[in-house]
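Here's the letter readout for the chains.
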Amino acid sequence: MGQNQSFPLLSGFSREEISRLEKRFHKLDLDRSGSISLKEFLTVPELQNNPLLQRVVDVFDADLSGEVDFKEFVKGLAQFAVVQEDNETKLQFIFKIYDMDRDGYISNGELFQVLKMMVGKNLTNIQLQQIVDKTILYLDKDDDGKISYEEFKLMVQKGSRLNNVTDVMSVEV
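What counts and how
- Residues numbered from 1 in each chain as written.
- Predicted model: local features only at pLDDT ≥ 70, side-chain atom pairs only at ≥ 80, totals over all residues.
- Heavy atoms only, no water.
- UniProt positions renumbered as here; feature names shortened; annotations may be inferred.
- Helix = DSSP H or I, 4+ residues; strand = E, 2+ residues; numbered from the N terminus.
- pLDDT = per-residue confidence, 0-100.
- Contact = heavy atoms within 4.5 Å.
- Buried < 20%, exposed > 50% of the residue type's maximum accessible area, 1.4 Å probe, protein only.
- Core = buried A, V, L, I, M, F, W, Y, C linked by side-chain atoms within 4.5 Å.
- 1 Å grid on protein atoms, 1.4 Å probe; cavity = no way out; pocket = protein on both sides within 12 Å on 5 of 7 lines; lining within 4 Å.
- Points joined across faces, edges and corners; volume = space filled by probe spheres on them.
- Nonpolar A, V, L, I, M, F, W, Y, C, P; charged D, E, K, R; others polar.
- Domains from an automatic or database assignment.
- Polar contact = N/O pair within 3.5 Å; in protein donor to acceptor, adjacent residues only side chain to side chain.
- Axes fitted to C-alpha atoms, helices over the stretch in contact; angles between N-to-C directions.
- Parallel < 35°, antiparallel > 145°, perpendicular 65-115°, else oblique.
- Left-handed = near helix turned anticlockwise from the far one by under 90°.

(A) Focus on the UniProt feature "domain: EF-hand" (unreviewed entry) in the protein. The residues that UniProt annotates with the feature "domain: EF-hand" (unreviewed entry) are residues 16-51, 53-83, 86-121 and 127-162. Counted over residues 16-51, helix gives 47% and strand 6%. Its end C-alpha atoms are 32 Å apart.

(B) Representation of the confidence of the model for the protein within the structure. Of the residues in the protein, 82% have a pLDDT of 70 or more, and the chain-wide mean is 84. Taken element by element, the predicted model of the protein shows its lowest mean pLDDT in helix α10 (residues 162-168) (40) and its highest in strand β1 (residues 35-36) (97). Scored below 50 in pLDDT, residues 1-5 makes five contacts in the model with residues more than four places away or belonging to other chains. With pLDDT under 50 throughout, residues 161-173 is counted as low confidence; its partners more than four residues away or in other chains account for 29 contacts.

(C) Examining unusual backbone geometry more closely. You will see that Arg32, though not glycine, has its phi angle at about 55°, which is positive. Structurally, the position occupied by Arg32 is in the loop between α2 (15-28) and β1. Of the residues examined, Arg32 reaches a relative accessible area of 59% and is grouped as exposed. Its identity as a non-glycine residue notwithstanding, Leu64 has a phi of 60°, on the positive side. Note on placement: Leu64 falls in the loop between α4 (53-60) and β2 (68-69). Judged by relative accessible area, which is 60%, Leu64 ranks as exposed.

(D) Region of interest: the nonpolar core. Judged by nonpolar contacts, the single largest core of 38 residues is most densely connected at Phe41, Phe73, Tyr98, Leu111 and Phe152. Broken down by secondary-structure element, the contributors of at least two residues to this core are α2, α4, α5 (70-78), α6 (87-98), α7 (108-119), α8 (125-139) and α9 (149-159). For this core, the element with the most residues is α6, which contributes six residues.

(E) Representation of the layout of surface pockets within the structure. Taken as a whole, the second largest pocket encloses approximately 200 Å³ of empty space. Sorting the residues of the lining of the second largest pocket by element identifies α4 and α6 as the ones contributing at least two each. A per-element tally of the lining of the second largest pocket places α4 first, with three residues. In terms of residue class, the lining of the second largest pocket is made up of four nonpolar, one polar and six charged. There are two domains that each give the lining of the second largest pocket at least three residues, and those are domain 1 (15-81) and domain 2 (87-169).

(F) Up close: α5. Most of α5 is tucked away, with seven of its nine residues classed as buried. Taken residue by residue, α5 has Phe70, Glu72, Phe73, Val74, Gly76, Leu77 and Ala78 as its buried positions. N-cap assignment for α5: the residue whose side-chain oxygen lies 3.2 Å from the backbone N of Lys71 is Asp69.

(G) Highlighting the packing of α4 against α6. In the contact formed by α4 and α6, the axes pass within 9 Å of each other and the chain directions differ by 115°. Viewed along their axes, α4 and α6 adopt a mutual orientation that is roughly perpendicular. Judged by the twist between their axes, the crossing of α4 over α6 is right-handed. Where α4 approaches α6, its residues Arg55, Val56, Val59 and Phe60 are matched on the opposing element by Phe93, Lys96 and Ile97. When grouped by side-chain class, the residues that make up the contact of α4 with α6 number five nonpolar, no polar and two charged.

Have a look at this one:
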């Protein structure tokens, strides 16, 4: 890892923290491919029952390779590190969980898919679609049929305290 001296500056992590992350990364990289697949992430017991793990991996995977390399791993975790006090960054990450096609908007279909991952079989598709439709109607201030980042941000800031939302999504290194 020594060849990338700019990692701490780019990520907000210290060199010592980067070194610890590198060790954790290598433990997860079971096939020694230099990247972590969803299957490898699932070896972490705390992640096995997370319905949004696939979406988190997708957001971390900046190059769309289907796996997370070390640089993507560090950049992804940096968004939720305790040292990272930028709630805007955390909120952007949460938005990206819903913005599956990365077009900068949450569509009706995307919201349905992500909520379906979260609720599983607890709601019927009809019940879930009703929730999605009402949510879009409520949040869509410019009537374009989708939720922009600004509309999402406004909802989070009004609906709950931003610190509570982002504090839950923090990691200690």
